[in-house]
Amino acid sequence: MTKTRNLYIETFGCQMNERDSEIMAQLMSQAAYLETASPEEADCIVVNTCSIRGKAAQKAYSLLGGYRRLKKRRPDLVIAVAGCVAQQDGESLLKKMPHLDLVIGPQNIYRLPELVEAARWQASRTTATELTKDFVIPPFLPKMDGSGAPHKRFVTIMQGCNNFCTYCVVPHTRGREVSRKPEDIINEVRHLAEHGVREVTLLGQNVNSYGQDRNPATLAENGGGDDFPSLLRAVAAVDGIRRVRFTTSHPKDLSARLISCFAELEKLCPHFHLPVQSGSDRILARMNRKYTRADYLAKVSELRRVRPDIAITTDLIIGFPGEGEDDFADTMELVNFVRYDSAFSFKYSDRPNAAATAFTDKVSEEIKSRRLTLLQQRQDEISGEISQAMVGHTVEVMVEGKSKNAGEQWSGRTPTNRIVNFSSQQPLSPGQFIDIYLEEACRHSLRGRIV
Ligand code: SAH
Ligand code: SF4
Ligand code: F3S
């Protein structure tokens, strides 16, 4: 029997990084590295980093810095940095931190086992950060061996971004848009469904432009092209899959064809994450978002016309360079008008290579904090009011598992992705569907009873 070694992975950032970490864990398991929950016991540590805001990158640096101690104690420990900080900083990470062995960008994760072995046996320190538009995302079937959620999974459909919003690091760290072949995606979804997965979330930085980078000759496949709406239809047609979600969508590319999917596809969950970033046209233009507030609102109202129960969520950046009180007031007004189910809001942060980093009219930390607090307070009220309005209704919930406070307490998710807690005397299993009568709205969840 081959001797197994221990692998410890720490993941920051978006679902794409979570999926990449799963892939790295699976590749390493084929090389006899098994995951452990403790970095102290690891023979190899992978830190999968995020660079979206200064704070995220800072967290990664400080964690990596702390591992110097482990390396001192165990010189044969291999430490790898993956993800967006790895891509952004490249070789300079190896210079700054002599205890690191490998720097691996998002397009190079498939080389991890080979590079770890080289680091272990030849003490080679390598930077693998090539980024090309010709990159082909390999077909990759998740191993359904009891690790990871049994009932819901992420499926990457594309990587990279061509949009160059002026605040954003992603086009610089993930490269240009590269879509996977539809048949690879469908194979993966079928494989998941055969192993009991009931919900899939299709992942991309900008799923609405799925397929646009592929050879036009292949656009004829699938009767009418392999654009995102066609892909959604094909995924929803897979037997066994009950819920389909996707993230993220850029408002400028949200087409009428995609909106009509919400009318046609019953399995498509009534939830749309549509990041607006700002309610001010002047700021949207400076962000290079390529839509106006009016364009955005027209799409929201069309979505609601087609699917009245749809929950709309968003991302907002507060204190983008040049944001004045009137621009912020426009954002508050938009939030009040749309009434988002929930919103992620962030203080603007300068990022390496992003155009806005060079803008001179930065907003002070103090003003950013004040505006963010006002916005988040208002959004909390709105989310609370929406939850309150759900009380007294019955919803179909997908069981997630026992909730943390043990006993006979279970939790599940509504089609709009809200968490619902309830008690059940009989055992349930993740991925089961059950009707729940909602009795109470709590701060970040709902409570109900089985119908
Ligand atoms: N591809 C997605 C966004 C991915 S990043 C999209 O286009 O919608 C997730 C969110 O982080 C963004 O929507 C934005 O709100 C926030 N973000 C990105 N760069 C940022 C920065 N420099 N400062 C603050 N927030 C930022
Ligand atoms: Fe970043 Fe804009 Fe691309 Fe989203 S669409 S990843 S915010 S550049
Ligand atoms: Fe972060 Fe990179 Fe994702 S910057 S949000 S890990 S694409």
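Residues numbered from 1 in each chain as written. Chains lettered and ligands numbered in written order. Predicted model: local features only at pLDDT ≥ 70, side-chain atom pairs only at ≥ 80, totals over all residues. Heavy atoms only, no water.

Peer 1: Tell me what's going on with the overall build of the chain, and back it up with residues and numbers.
Peer 2: Each helix and strand counted, the chain has 15 helices and 19 strands in total. Principal axes of the C-alpha set define a box for the chain whose edges measure 60 × 60 × 50 Å. Long-range contacts, defined as pairs at least 24 residues apart, comprise 73% of the intrachain contacts of the chain with a sequence gap of at least 6. If you sum the accessible surface of the chain, you get close to 19,700 Å²; carbon and sulfur atoms cover 53% of it. One finds the centroid of the 59 positive side-chain charges in the chain at a distance of 3 Å from the centroid of its 56 negative side-chain charges. (Helix = DSSP H or I, 4+ residues; strand = E, 2+ residues; numbered from the N terminus. Contact = heavy atoms within 4.5 Å. Areas by Shrake-Rupley, 256 points an atom, 1.4 Å probe, with all protein chains shown as cover. Lys, Arg positive; Asp, Glu negative; His and termini not counted. Charge placed at Lys NZ, Arg CZ, Asp CG, Glu CD.)

Peer 1: Explain the sheet that holds strand E7 (residues 152-156) to me, using residue names and the numbers behind them.
Peer 2: Taking strand neighbours across the sheet as the criterion, the three strands line up as E7-E10-E11 in an open arrangement whose pairing is parallel. Of all the strands in the sheet, the pair left with one neighbour each is E7 and strand E11 (243-247). Direction aside, neighbouring strands of the sheet carry axes that sit 25 degrees apart on average. Across five bridges, the pairing between strand E10 (residues 199-203) and E11 is parallel. When the sheet's bridge partners are listed, Val 200 is paired in E11 with Val 244. (Pairing = 2+ DSSP bridges. Axes fitted to C-alpha atoms, helices over the stretch in contact; angles between N-to-C directions.)

Peer 1: For helix H10 (residues 228-236), give the residues involved together with the corresponding values.
Peer 2: Of all the nine residues making up H10, seven are buried; the element is thus mostly covered by neighbouring parts of the structure. Those residues of H10 that fall on the buried side of the exposure criterion are Phe 228, Pro 229, Ser 230, Leu 231, Leu 232, Val 235 and Ala 236. Its buried side turned inward, H10 meets helix H8 (182-194), E10, E11 and helix H11 (256-264). (Buried < 20%, exposed > 50% of the residue type's maximum accessible area, 1.4 Å probe, protein only.)

Peer 1: Describe in detail the site of ligand 1, supporting the description with residues and values.
Peer 2: What surrounds ligand 1 is a group of 15 residues, the closest being Tyr 167, Gln 205, Gln 277, Asp 315 and Ser 349. Between ligand 1 and Tyr 167 there is a distance of 2.9 Å, counted from a nitrogen atom to a backbone nitrogen or oxygen. Separating a nitrogen atom of ligand 1 from a backbone N or O atom of Ser 349 is a distance of 2.8 Å. In isolation ligand 1 has 550 Å² of accessible area, and contact with the protein removes 90% of it. Broken down by secondary-structure element, the contributors of at least two residues to the shell around ligand 1 are strand E13 (311-318) and strand E14 (342-347). (Near = heavy atom within 4 Å. Polar contact = N/O pair within 3.5 Å; in protein donor to acceptor, adjacent residues only side chain to side chain.)

Peer 1: Now, about the domain arrangement of the chain: what can you tell me, with residues and values included?
Peer 2: According to the domain assignment, the chain contains domain 1 (5-128), domain 2 (152-389) and domain 3 (394-450). The straight-line distance from the C-alpha centre of domain 2 to that of domain 3 is 27 Å. Of the residues lining the interface, 17 residues belong to domain 2; the matching set on domain 3 comes to 15 residues. Counting the contacts that link domain 2 with domain 3 gives four salt bridges. The partner of Asp 341 in a salt bridge is Arg 418, with the nearest N and O atoms 2.9 Å apart. The tally of links between domain 2 and domain 3 comes to nine residue pairs in polar contact (both at pLDDT 80 or more). Sorting the residues of the side of domain 2 that touches domain 3 by element identifies E11 and helix H15 (365-390) as the ones contributing at least two each. For the side of domain 2 that touches domain 3, the element with the highest residue contribution is H15, accounting for five residues. For the side of domain 2 that touches domain 3, the class distribution of residues is four nonpolar, four polar and nine charged. (Domains from an automatic or database assignment. Salt bridge = Lys/Arg side-chain N within 4 Å of Asp/Glu carboxyl O. Nonpolar A, V, L, I, M, F, W, Y, C, P; charged D, E, K, R; others polar.)

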